[in-house]
Amino acid sequence: IVAGLALVQGIIWKFSFLSLFTMFAFEVLTPYFIFKLYSHRFFIMLEKVVFGLTLTAVIIWSIHELYHPVRNILIGAINILHPFSSESLNPGGVKRSLLFYTFMYEDTLMDFGIYRNSGFAHEPGGFAVFANFGLLINLLRNATIFSKRNAVYVLAILSTFSTAGIISMFFVV
C-alpha cells in the first residue's frame, strides 16, 4: 500500500525509482525486520525510548514555561544547532529544532500565554501520538493509570493542547 501510494505520488510529482525503493526499505522493511528480530520486546524497548524523550521534553517545557528567560536561551541554542538539524535543508524555514526537543516559539503560543509542547516531534499533535503510544504500551504491560510513568505521559499529552491527542488519550485509558 505504501509503495503504491508512493508510486502514484511519484507519477504526479516526478520521482526516481531509487527514492521509491529506499523509502520502502526505511519505512516498511526496517520496522518489519526489527519486529521479527525482537518480537514483542521491540515494543518494550520502544516505550523506554519514547519515555526517556518524553520525560526530557516535559522537563524542558516546564522549565521554559515557569522561568521565561529560559525561552531566550532555547532560541539561542536553536540558532546554534540549526546547521546540524534536518531543518537546515529547508532554506528560509522556521528554526525550531534542538535535535531532541522542538520549540515552535513562532507558531504554538496559546492565547493565555503558554506554548504548546512539541516535545521531540515535529509538532504538538505528533508528540501527542508518541505519548499516547507510550501510554498504551505501558498500560498493556499491566501498569496502572496512576503510575509515575503514566503520569508523565498524561502530562505530556495535556501540555500539547492537541484536541485529537487528548481525545485519543481518553480512548487509550
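Right above here is the structure, for reference.
Being a predicted model, the structure only gives us computed values, none of them experimental. (Residues numbered from 1 in each chain as written. Predicted model: local features only at pLDDT ≥ 70, side-chain atom pairs only at ≥ 80, totals over all residues. Heavy atoms only, no water.)

Trainee: Sorry if this is basic, but what is going on with a nonpolar patch on the surface here?
Mentor: On the surface, a nonpolar cluster with roughly 340 Å² of combined accessible area is contributed by Ile34, Leu37, Tyr38 and Met45. When residues in the nonpolar patch are grouped by element, the largest group, 3 residues, is from helix α2 (residues 17–38). With respect to the helices and strands, tyrosine 38 occurs in helix α2. (Patch = residues over 30% accessible without salt bridge, like charges linked within 9 Å, V, L, I, M, F, W, Y side chains within 5 Å. Areas by Shrake-Rupley, 256 points an atom, 1.4 Å probe, with all protein chains shown as cover. Salt bridge = Lys/Arg side-chain N within 4 Å of Asp/Glu carboxyl O. Helix = DSSP H or I, 4+ residues; strand = E, 2+ residues; numbered from the N terminus.)

Trainee: What is the right way to look at the packing of helix α3 (residues 41–66) against helix α5 (residues 124–140) in this model?
Mentor: Each packed pair of helices is defined by two parameters, the angle between the axes and the distance between the axes. In contact at an axis separation of 9 Å, α3 and α5 are set at 130° when each is read in the N-to-C sense. Taken together, the axes of α3 and α5 are oblique relative to one another. In this structure, α3 meets α5 at a crossing whose hand is left-handed. Every residue of α5 that contacts α3 at Phe43, Leu46, Glu47, Val50, Thr54 and Ala57 is listed here: Phe127, Phe130, Phe133, Gly134, Ile137 and Asn138. By residue class, the composition of the contact of α3 with α5 is 8 nonpolar, 3 polar and 1 charged. (Axes fitted to C-alpha atoms, helices over the stretch in contact; angles between N-to-C directions. Parallel < 35°, antiparallel > 145°, perpendicular 65-115°, else oblique. Left-handed = near helix turned anticlockwise from the far one by under 90°. Contact = heavy atoms within 4.5 Å. Nonpolar A, V, L, I, M, F, W, Y, C, P; charged D, E, K, R; others polar.)

Trainee: Even after reading the chapter, I still don't get the packing of aromatic side chains, so can you show me in this structure?
Mentor: When we look at a pair of aromatic rings, we describe it by the centre distance and by the angle of the planes. Applying the stated criterion to the full structure yields 9 aromatic pairs. Aromatic side chains phenylalanine 103 and tyrosine 115 sit 5.2 Å apart centroid to centroid with 65° between the ring planes, which places their arrangement in the edge-to-face category. Linking phenylalanine 103 in the loop between α4 (69–81) and α5 with tyrosine 115 in the loop between α4 and α5, this pair joins segments that are 12 residues apart in sequence. Just as phenylalanine 103 is buried, tyrosine 115 falls in that class too. Here arginine 149 stacks its cationic end above the ring of phenylalanine 51, 4.1 Å away from the centre of that ring. (Phe/Tyr/Trp six-rings, centres within 6.5 Å; stacked < 30°, edge-to-face > 60°. Buried < 20%, exposed > 50% of the residue type's maximum accessible area, 1.4 Å probe, protein only. Lys NZ or Arg CZ within 6 Å of the ring centre and 35° of its normal.)

Trainee: Honestly, the pattern of salt bridges in this entry has me stumped. Any pointers?
Mentor: The full count for this structure, using the stated rule, is 3 salt bridges. Between glutamate 47 and arginine 149 there is a salt bridge, and its shortest N-O distance comes to 3.0 Å. On the criterion of sequence distance, the pair formed by glutamate 47 in helix α3 and arginine 149 in helix α6 (residues 148–160) is long-range, its members being 102 residues apart. Accessibility expressed as a relative area gives 0% for glutamate 47, which makes it buried. Glutamate 65 serves as the salt-bridge partner of arginine 71, at 3.0 Å between the closest nitrogen and oxygen. For the pair shown, arginine 71 and glutamate 65 are each scored as buried. Overlapping salt bridges, with partners in common, bring together Glu47, Arg141 and Arg149 in one network.

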